[in-house]
Amino acid sequence: MASHQLLSVPHFCLLSKVSSFHAPLLSTPGKLSLFHPTTCSPLQSSSTSRITNLQAVTNTRSEIESNAPTETTALTLRNICQGFVPEHILHRQALMEEIGFVFPTDIQREALPTLFTGRDCILHAQTGSGKTLTYLLLILSLINPQRSSVQAVVVVPTRELGMQVTKVARMLAAKSTDAEVKGCTVMALLDGGMLRRHKSWLKAEPPAIVVATVASLCHMLEKHILRLDSVKVLVVDEVDFLFYSSKQAGPVRKLLTSFSSCDKRQTVFASASIPQHKHFVHDCMQQKWTKRDVVHIHVSAITPMPLCLLHKFVVCGKKNKHQVLLALLESDAPESAIIFVGEQSEKSKKAGNDPSTTLLIEFLKTSYNGSLEILLLEEDMNFNSRAASLTEIRQGGGFLLVSTDIAARGIDLPETTHIFNFDLPQTATDYLHRAGRAGRKPFSDRKCIVTNLITSEERFVLQRFENELMFSCEELMF
Ligand SMILES: Nc1ncnc2c1ncn2[C@@H]1O[C@H](COP(=O)(O)OP(=O)(O)OP(=O)(O)O)[C@@H](O)[C@H]1O
């Protein structure tokens, strides 16, 4: 079935834009990047790969710079999904017009035809590029709403991201008012949720789609309340984060190993950052986390961060950071902004100090005179307070969200125009994800600003991030 679908898919996608290591193999548009199962190197002569890769690079640049739908992007999402995603979903007014999902983003255009063939895929594309819709459309193409079993599982690192993915999935999978077809149920099986209620639900009438955090999912699997037998597709979102997390990596690996024994499985990984992706692809095959013909779809390899982001920095002393931030808020007048603050160290906690987030919130509440609502999001808040902060944000109106890295991954607040790194992140990957909370309107020309407040000693750290992520930061003088 997979090979039949592969042949029947029109060749409408662009050349895969992959890094030089994972160059696309075939010079014809619409073909896939294939890798040697053990060496992980492209299965084609290097000269063809090189030529193809140069073409791909040109495509990436011109498309991003113009931002307007080109001849290739004039192809609609509907065209790509036709024959795969049920008609009643594609027909839905909401999908096409209200939400504005008309044209595919680069990752959607490149990945969906491959995903519809049944191949395992690693979706590696910039923040805000539409990876969520990509894997959800695959899921909707596979599940049968008439069957009472869990058919798709999406694993996410945080409750917040889980709630967001669930919301989009429910919106897409809801019963259409003008169709006879039954809608699909989507369960959010997230840390901090009511596991007892979920247990009864899973036993009585299993949902078609489960969006889960690792610990809650593993709990249900261990108790045999949820089984993977009927699952056709397993998605691991923010896969690199989960693999690097000391708490979550083990259970995720175990989950992938159990899933590998299921027949007709399809596994999808997604992230804007897959460090050492060559090794990752290799491990996926070796460990049987994916099938051996897994496809690594790498969009915008030469520009890991969205080009609509402008990066700046201000050198200031630790003691006047608050004042500098206040001046920046006044001069930049963001529509909405996220201010990232470093996590409090164990030593500082033990010493009984207030966390930087609390100090900053207190400062802003007394000193900031603008109209934006000041909100807080951090790990130490209980789940209800965290949910309340995000709900308030989503109700509209501008916000100033003070947050730790908990908001750095996956959270989609498209109205965010400014990011402030009050404290620098620990790694370039963290920088990429924090910065990527802005500039999340795929076809918009709007520039968003990322400003770093650094001490003179931290300049070299920022420079390292600039080299690694291939961007440049402009100094602001105060
Ligand atoms: N085809 C499309 N047309 C218009 N908007 C889209 C399209 N696809 C997705 N979007 C919007 O783009 C935004 C970013 O999408 P999404 O959250 O899936 O990004 P992502 O690639 O998962 O980013 P991250 O890596 O940061 O998690 C969302 O607001 C989504 O609604």
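See above for the structure.
All figures in this text were calculated on a predicted structure; none of them were measured in a lab.

What follows is about the site of the ligand. Among the 23 residues in the neighbourhood of the ligand, the closest are listed as Phe103, Lys131, Thr132, Asp412 and Arg440. In the environment of the ligand, an oxygen atom lies 2.7 Å from a nitrogen or oxygen atom belonging to the side chain of Lys131. Here an oxygen atom of the ligand sits 2.6 Å away from a polar atom, N or O, in the side chain of Asp412. Coverage of the ligand by the protein chains reaches 90% of its 640 Å² of free accessible surface. With respect to the pocket detection grid, the ligand is positioned in the second largest pocket. Examining the composition of the shell around the ligand, we find that 3 residues originate from one element, helix α7 (residues 131-142), more than from any other.

Bringing the pairing of strand β11 (residues 399-403) into the picture now. Among the 5 residues of β11, 5 are classified as buried, and the element is accordingly described as predominantly covered. Residues Phe399, Leu401 and Ser403 line one face of β11 and the alternating positions Leu400 and Val402 line the opposite face, and both faces are buried. The sheet contact formed by strand β9 (residues 337-340) and β11 spans 4 bridges and is parallel. Looking at β11, one finds that Ile339 is bridged to Val402. Pairing of strand β10 (residues 373-377) with β11, which is carried by 5 bridges, proceeds in the parallel orientation. The partner of Leu377 across the bridge, within β11, is Ser403. This β-α-β element, β10 to helix α17 (residues 383-394) to β11, shows right-handed connectivity.

Now for the nonpolar core. Residues Leu123, Tyr135, Ile139 and Ile209 are the most contacted members of the largest nonpolar core, which totals 46 residues. In terms of residue count, α7 provides more of this core than any other element does, 7 residues in total. Not counting residues within four places of it along the chain, the set of residues in contact with Tyr135 comprises Leu123, Val154, Val165, Val235, Asp237, Val268 and Ala270.

For any two aromatic rings, the description comes down to two numbers: the centre-to-centre distance and the angle of the planes. Inspection of the entire model under this criterion finds 6 aromatic pairs. With a centroid separation of 4.4 Å and an interplanar angle of 10°, the aromatic rings of Phe84 and Phe116 are classed as stacked. Here the residue Phe84 occupies a position in the loop between α3 (77-81) and α4 (87-91), and Phe116 occupies one in the loop between α6 (106-115) and β1 (121-124), the gap between them amounting to 32 residues. Counting every residue linked through ring pairs, the aromatic cluster contains Phe243, Phe269, Phe280 and Trp289. Here the guanidinium or amino end of Lys321 rests over the ring plane of Phe422, the centre of that ring lying 5.1 Å away.

Cut-offs applied
Residues numbered from 1 in each chain as written. Predicted model: local features only at pLDDT ≥ 70, side-chain atom pairs only at ≥ 80, totals over all residues. Heavy atoms only, no water. Near = heavy atom within 4 Å. Polar contact = N/O pair within 3.5 Å; in protein donor to acceptor, adjacent residues only side chain to side chain. Areas by Shrake-Rupley, 256 points an atom, 1.4 Å probe, with all protein chains shown as cover. 1 Å grid on protein atoms, 1.4 Å probe; cavity = no way out; pocket = protein on both sides within 12 Å on 5 of 7 lines; lining within 4 Å. Sits in = over half its atoms within 2 Å of the grid points. Helix = DSSP H or I, 4+ residues; strand = E, 2+ residues; numbered from the N terminus. Buried < 20%, exposed > 50% of the residue type's maximum accessible area, 1.4 Å probe, protein only. Pairing = 2+ DSSP bridges. Right-handed = clockwise from strand over helix to strand, strands pointing away. Core = buried A, V, L, I, M, F, W, Y, C linked by side-chain atoms within 4.5 Å. Contact = heavy atoms within 4.5 Å. Phe/Tyr/Trp six-rings, centres within 6.5 Å; stacked < 30°, edge-to-face > 60°. Lys NZ or Arg CZ within 6 Å of the ring centre and 35° of its normal.

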